[in-house]
Structures are given as C-alpha cells and as structure tokens.
Amino acid sequence: MNGESNRIGNGMIAVGVLLAILGLAAYFYGEDTVILGVIVATTYPHREIGTIMLIIGSITAIVGAVAGRPSAR
C-alpha cells in the first residue's frame with residue numbers, strides 16, 4: 001500500500017501545482033482597452049477564478065504531500 005499511496009500523493013501534488021500555476025496566470029491576465037492607439041484602462045476579467053484556482057491548487061498540493069508521506073511503521 002505504501003507504493004500506491006505514494007503514486008496518489010505524487011499525482012495530487014502535480015495536479016495541485018498545475019492548478020496553482022494556471023490560477024496565477026488567470027489572476028494576472030489583463031486586457032487593455034485601447035482608444036485611438038492609447039491604452040485607456042486595463043481590466044483583469046479572470047481574477048476571481050484565478051484566486052479560487054490558486055487556493056484549491058495549494059490545498060491539493062499540500063494534501064498530496066501529506067498523503068504521499070511514508071508511514072512511520
């Protein structure tokens with residue numbers, strides 16, 4: 001069972017890190033409003049979902065690290 005839990009832990013860590021990276025990309029993605037060649041405003045339309053993905057990814061990576069930890073036996 002130790003090998004099985006280690007694979008599950010590694011997979012959860014990988015998924016968590018991927019979610020966190022995608023969350024950061026969504027959080028900092030900005031769209032510029034251009035009028036006559038001048039940038040008037042920059043909006044961040046995906047900031048809320050990016051925050052949620054970052055939090056869920058961090059939690060998933062932490063749970064994967066705890067689940068993949070070898071037992072004390």
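Read on for an overview of the structure. Think of each chain on its own: its residues are numbered from 1, step by step along the sequence as written. Selection of residues for local features in this predicted model requires a pLDDT of at least 70, selection of side-chain atom pairs for listing and counting requires 80 or more, and totals for whole chains, interfaces and linings are taken over all residues. The side-chain figures draw on all heavy atoms in the structure; neither hydrogens nor water molecules are used.

Focus on the side chain of threonine 60
Mapped onto the secondary structure, threonine 60 falls in helix H2 (residues 47–67). A polar side-chain atom of threonine 60 sits 2.8 Å from the main-chain carbonyl oxygen of isoleucine 56. In this description, contact between two residues means that some pair of their heavy atoms is separated by no more than 4.5 Å. Beyond its immediate chain neighbours, meaning those up to four positions away, threonine 60 contacts Met12 and Gly16. For the purposes of this entry, the term helix denotes a DSSP run of H or I that reaches at least four residues, the term strand denotes a run of E that reaches at least two, and both are numbered from the N terminus. Under the rule applied, a polar contact is a pair of N or O atoms within 3.5 Å (in protein, one hydrogen donor and one hydrogen acceptor; residues adjacent in sequence only if both atoms are side-chain atoms).

Description of unusual backbone geometry
Although it is not a glycine, leucine 36 adopts a positive phi angle of roughly 55 degrees. Along the polypeptide, leucine 36 turns up in the loop between strand E1 (31–35) and strand E2 (38–43). The rule is simple: take the accessible area with a 1.4 Å probe, protein chains only, and divide by the maximum for that residue type; under 20% is buried, over 50% is exposed, in between is partly exposed. The exposure class assigned to leucine 36 is exposed, which follows from its relative accessible area of 86%.

Focus: the pairing of E1
For two strands to pair, DSSP has to find at least two bridges joining them. Looking at chain direction, E1 and E2 are connected through five bridges and run antiparallel. Within E2, the position partnered with glutamate 31 by the bridge is threonine 43. The antiparallel hairpin formed by E1 and E2 contains two residues in its connecting segment, where leucine 36 sits at a positive phi of about 55 degrees.

Any functional reading would require information beyond the geometric quantities listed.
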